[in-house]
Each structure stands twice: as C-alpha cells, then as structure tokens.
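# Examining the three-dimensional arrangement
Each chain, letter by letter, is given below.
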Amino acid sequence: MRAEAGRLGVELHWFQTNHEGAFVDAVQGLRGQADGALINAAAFTHTSLAIRDAVLAVQLPFVEVHLSNIFAREPERRHSRLADLAVGIVAGFGPHGYQIG
C-alpha cells in the first residue's frame, strides 16, 4: 500500500483498533484531514450504528473493504450498515482488496 500510495502521489495513514469507540474517534478525526478513506470495519460492519453515524457525520467518500466475501458467509454477516454510504465495496480479494479500493 505504501508503494501504491507513492505511485499515486497520495499520503497514506493507517489506523487499526479492536475498540468501537476508538474506531468512532478515528473516523470523526478524518473531518478536514482526508480526501477519502478505505474502511474495513470487520465485525462492526454488521452491528455498529455508532460507526455508521460517525461516517455520516464526516461526509467523507470511502470504500468499504473486506478481506473475505461477506456475502458468502453466515447470514448475519451478509448485511453491512455502511454499504449504502460507501462509494463502493471490495470484498473477497484478501489483502489485495485494499489496493483495489
């Protein structure tokens, strides 16, 4: 990703957490600081209204990324609370999905 960002002439910042509140804080911190985002909300994809609200509040274009194909998994994982807000969704391509996004 760093090589791809360099090739595209963009600055790249990573953030990872297992804590929903920290995720919300990170999304809210993007306002005025980024032109777009790649978001892999993992299991929060299916459950978090707080993350959805944060994404709505910052009004930042983003691509939803999943390493696995969430639509081929258990029924409760086939719904995304972020999908209708995303510019696009990339799912099922493993880590390469970040470059696609």
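Anyway, here's the lowdown on the structure attached to this text. (Residues numbered from 1 in each chain as written. Predicted model: local features only at pLDDT ≥ 70, side-chain atom pairs only at ≥ 80, totals over all residues. Heavy atoms only, no water.)

Further remarks concern the nonpolar core. Ranked by size, the top nonpolar core spans 14 residues in total, and within it Phe23, Val27, Ile39, Ile51, Val55, Phe62 and Leu82 carry the most contacts. Going through the elements one at a time, α2 (20-28), β1 (37-39) and α3 (49-58) are the ones with two or more residues in this core. At 4 residues, the largest contribution of residues to this core is made by α3. Excluding its chain neighbours within four sequence positions, the residues that come into contact with Ile51 are Glu20, Phe23, Val24, Phe44 and Leu82. (Core = buried A, V, L, I, M, F, W, Y, C linked by side-chain atoms within 4.5 Å. Buried < 20%, exposed > 50% of the residue type's maximum accessible area, 1.4 Å probe, protein only. Helix = DSSP H or I, 4+ residues; strand = E, 2+ residues; numbered from the N terminus. Contact = heavy atoms within 4.5 Å.)

A separate point is the pairing of strand β2 (residues 62-66). A regular strand carries its side chains on alternate faces of the sheet. A large share of β2 lies buried, amounting to 5 of its 5 residues. Of the two faces of β2, the one lined by Phe62, Glu64 and His66 and the one lined by Val63 and Val65 are each fully buried. In terms of strand pairing, β1 meets β2 through 3 bridges, oriented parallel. Along β2, the bridge assignment pairs Leu38 with Val63. (Pairing = 2+ DSSP bridges.)

Using the criterion set out here, one finds 4 salt bridges in the structure. A salt bridge links Asp84 to Arg52, with the nearest nitrogen and oxygen atoms 2.8 Å apart. In this pair, Asp84 is assigned in the loop between β2 and β3 (88-91) and Arg52 in helix α3, connecting sequence segments 32 residues apart. Across the pair Arg77 and Glu74 runs a salt bridge whose closest N-O atoms are separated by 3.1 Å. According to the relative accessible area criterion, Glu74 is partly exposed, its value standing at 33%. One connected set of salt bridges, linked through shared partners, spans Arg73, Glu74 and Arg77. (Salt bridge = Lys/Arg side-chain N within 4 Å of Asp/Glu carboxyl O.)

So, on to α3. Of all the positions in α3, only Ile51, Arg52, Ala54, Val55 and Val58 are classed as buried. Down the axis of α3, the smallest arc covering the buried residues is 160°, so these residues share one side. Tucked inside the fold, the buried residues of α3 contact α2, β1 and β2. One side-chain oxygen at the N-terminal end of α3 lies 3.4 Å from the backbone nitrogen of Ala50; it belongs to Ser48. Immediately downstream of α3, the backbone of Gln59 shows phi near 50°, a positive value. (Arc of directions from axis to C-beta. Polar contact = N/O pair within 3.5 Å; in protein donor to acceptor, adjacent residues only side chain to side chain.)

The next subject is the packing of α2 against α3. At a closest axis distance of 9 Å, the pairing of α2 and α3 adopts a crossing angle of 5°. By the angle between their directions, the pair α2 and α3 is classed as roughly parallel. Facing α2, whose interface residues are Glu20, Phe23, Val24, Val27 and Gln28, α3 presents Ala50, Ile51, Ala54, Val55 and Val58. (Axes fitted to C-alpha atoms, helices over the stretch in contact; angles between N-to-C directions. Parallel < 35°, antiparallel > 145°, perpendicular 65-115°, else oblique.)

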